[in-house]
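# A closer look at the structure
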Amino acid sequence: MSAVRGRYAPSPTGPLHLGNARTALLAWLDVRARGGAFVMRVEDVDFTRARPEFEARLLLDLRWLGLDWDEGPDVGGPFGPYRQSERGDRYAAALARLDVYACTCTRRELRALPVTSMTGEPVYPGTCRNGQSHPGRPAAIRWRVPAGEVGFVDRLCGEHHQDIVRDVGDFVLRRGDGAWAYQLAVVVDDADMGVTDIVRGADLLDSTPRQLHLLRALHPELPAPRFAHVPLILGAGGAKLSKRDGAPDLGALREAGAPPARVLAALARSVGLVPPDVREVRPHELLTAVQADDPLARLKPQPLDLAGL
Ligand code: GLU
């Protein structure tokens, strides 16, 4: 097995926007620059939102951009299946090893809870810890979170600490409709797949302590992966790129006939990987440019410039 194993873990719930494509590029570069193995894992646990056609399209779009992977739903590999919808038995086995309880709080009750500034979400007050509040309703499964602060040093964001009991509370591992929670699935899969390096969007920074807490409970013998939470992509005004900026998704650019080397150059420029005058670049050229260096060490986020595509 390669020493370095990284992954990209898209949720096929819509078209792949350019922010996701840039995160995929950075995860790929980080692994390839060190000769590691790159895993494509499709995070389709939320069966109410995931669709096979989005999966097919995002894999096509990423290949068109020039990325490749050693393991994934379309190429197989020793740690499959690589689609979370096919890994339910693993999540069930993990759940069976944790101290959990059924929660029948309604969505309305949960929405009424005050939100904490730490995560932007409410802290679950433990309403169903000692018995369900509405027996007979479909129950979510929550983890009775053990006490303890969790800290880690992110490669880009530095030190990050959370006290899960205080800042999050007992969190959901399986929803009332039976869908496995992202937090559980991601920990089980990264451990099973031997992932050593996680590069993903900064919006997931606050989830990491929960995942490390779960990892410690499920696999105390495993070292924690290294994390790099990369900046979210900026629109023309310098604020986070949003639909209002009118940026096309990656598939739309492909279908409109944009040359992939130009799209890759725009993504690379938007994070300072190439100088502002570079209009076209291929993945292996980017790799040569960053080789012998840490590709994530000097990211300089700037507004995405799609002129000339
Ligand atoms: N599936 C998640 C997303 O698309 C990413 C999960 C991860 O990288 O840990 O936002």
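Residues numbered from 1 in each chain as written. Predicted model: local features only at pLDDT ≥ 70, side-chain atom pairs only at ≥ 80, totals over all residues. Heavy atoms only, no water.

Let's shift gears to the site of the ligand. Within the structure, the ligand sits among Arg7, Ala9, Ser11, Glu43, Tyr182, Val186, Arg200 and Leu204. Arg7 is positioned such that a nitrogen or oxygen atom in its side chain is 2.6 Å from an oxygen atom of the ligand. At 2.8 Å, a side-chain N or O of Arg200 approaches an oxygen atom of the ligand. When the ligand sits alone it has 300 Å² of accessible area, and the protein chains cover 78% of it. Residues that form the shell around the ligand fall into these classes: four nonpolar, one polar and three charged. (Near = heavy atom within 4 Å. Polar contact = N/O pair within 3.5 Å; in protein donor to acceptor, adjacent residues only side chain to side chain. Areas by Shrake-Rupley, 256 points an atom, 1.4 Å probe, with all protein chains shown as cover. Nonpolar A, V, L, I, M, F, W, Y, C, P; charged D, E, K, R; others polar.)

Pairing is parallel in the open sheet, where four strands are placed in the order S2-S1-S8-S9. The outermost strands of the open sheet, each flanked by one partner alone, are strand S2 (37-40) and strand S9 (226-230). Taken pair by pair, the neighbouring strands of this sheet meet at an average axis angle of 25°, ignoring direction. Relative to S9, strand S8 (residues 197-201) is paired through five bridges, and the arrangement is parallel. Paired with Gly201 across the strands is Val230, a residue of S9. (Pairing = 2+ DSSP bridges. Helix = DSSP H or I, 4+ residues; strand = E, 2+ residues; numbered from the N terminus. Axes fitted to C-alpha atoms, helices over the stretch in contact; angles between N-to-C directions.)

Before going further, it helps to examine empty space enclosed by the protein. Under the definition given, this model contains one cavity of 30 Å³ or more. By volume, the largest cavity is sized at about 40 Å³. Along its surface, the largest cavity is lined by Arg262, Ala266, Arg269, Arg279, Ala307, Gly308 and Leu309. (1 Å grid on protein atoms, 1.4 Å probe; cavity = no way out; pocket = protein on both sides within 12 Å on 5 of 7 lines; lining within 4 Å. Points joined across faces, edges and corners; volume = space filled by probe spheres on them.)

This paragraph deals with the UniProt feature "short sequence motif: 'HIGH' region" (unreviewed entry) in the protein. This chain's UniProt record puts "short sequence motif: 'HIGH' region" (unreviewed entry) on residues 10-20. Between the end C-alpha atoms of residues 10-20 the distance is 8 Å, and the span holds 27% helix and 0% strand. (UniProt positions renumbered as here; feature names shortened; annotations may be inferred.)

This part covers the sheet that holds strand S4 (residues 140-143). Spatial strand order, S3-S4-S7: three strands in an open sheet with antiparallel pairing. Two strands in the sheet have a free side with no partner beyond their single neighbour: strand S3 (100-103) and strand S7 (172-174). With strand direction ignored, the average angle separating the axes of adjacent strands in the sheet is 45°. The pairing of S3 with S4 spans four bridges and is classified as antiparallel. The partner of Tyr101 across the bridge, within S4, is Arg142.

Further remarks concern the packing of helix H6 (residues 182-192) against helix H7 (residues 208-218). Between H6 and H7, the shortest axis-to-axis distance is 9 Å and the interhelical angle comes to 55°. Here H6 is positioned oblique relative to H7, judged by the angle of their axes. Like other packed secondary-structure pairs, H6 and H7 cross with a definite hand, here right-handed. Residues Tyr182, Gln183, Leu184, Val186, Val187, Val188 and Ala191 of H6 lie in contact with H7, whose contacting residues are Arg210, Gln211, Leu214, Leu215 and Leu218. Of the residues belonging to the contact of H6 with H7, the class tally is nine nonpolar, two polar and one charged. (Parallel < 35°, antiparallel > 145°, perpendicular 65-115°, else oblique. Left-handed = near helix turned anticlockwise from the far one by under 90°. Contact = heavy atoms within 4.5 Å.)

Mapped onto the secondary structure, Asp190 falls in helix H6. Overall, Asp190 belongs to the buried group, its relative accessible area being 8%. Not counting residues within four places of it along the chain, the set of residues in contact with Asp190 comprises Arg7, Arg41, Val195 and Ile198. (Buried < 20%, exposed > 50% of the residue type's maximum accessible area, 1.4 Å probe, protein only.)

The space that makes up the second largest pocket amounts to roughly 230 Å³. Every residue lining the second largest pocket is counted, 16 residues in all, and those nearest its centre are Asp190, Val195, Leu215, Pro223 and Pro225. Put simply, the parts of the chain that give the lining of the second largest pocket at least two residues each are H6 and H7. For the lining of the second largest pocket, the leading source of residues is H6, giving four residues. Taken together, the residues of the lining of the second largest pocket break down into 12 nonpolar, three polar and one charged.

The next thing to look at is the UniProt feature "binding site: Zn(2+)" (unreviewed entry) in the protein. If you check UniProt for "binding site: Zn(2+)" (unreviewed entry), the listed places come out as Cys103, Cys105, Tyr124 and Cys128 in our numbering. A maximum C-alpha distance of 10.6 Å is found for the annotated residues, which run over 26 residues; spatially they form one tight group. Looking at the secondary structure, you find Cys103 in strand S3. Of the residues examined, Cys128 reaches a relative accessible area of 2% and is grouped as buried. Apart from residues lying up to four places away in sequence, Cys128 is in contact with Tyr101, Ala102, Cys103, Thr104, Cys105 and Ser133.

Looking now at the side chain of Arg22. Relative to the elements of secondary structure, Arg22 occurs in helix H1 (residues 18-32). Of the buried charged residues, Arg22 lacks a salt bridge, with Asp203 as the closest side chain of opposite charge at 10 Å. A polar atom in the side chain of Arg22 sits 3.0 Å from the backbone oxygen of Pro231. (Lys, Arg positive; Asp, Glu negative; His and termini not counted. Salt bridge = Lys/Arg side-chain N within 4 Å of Asp/Glu carboxyl O.)

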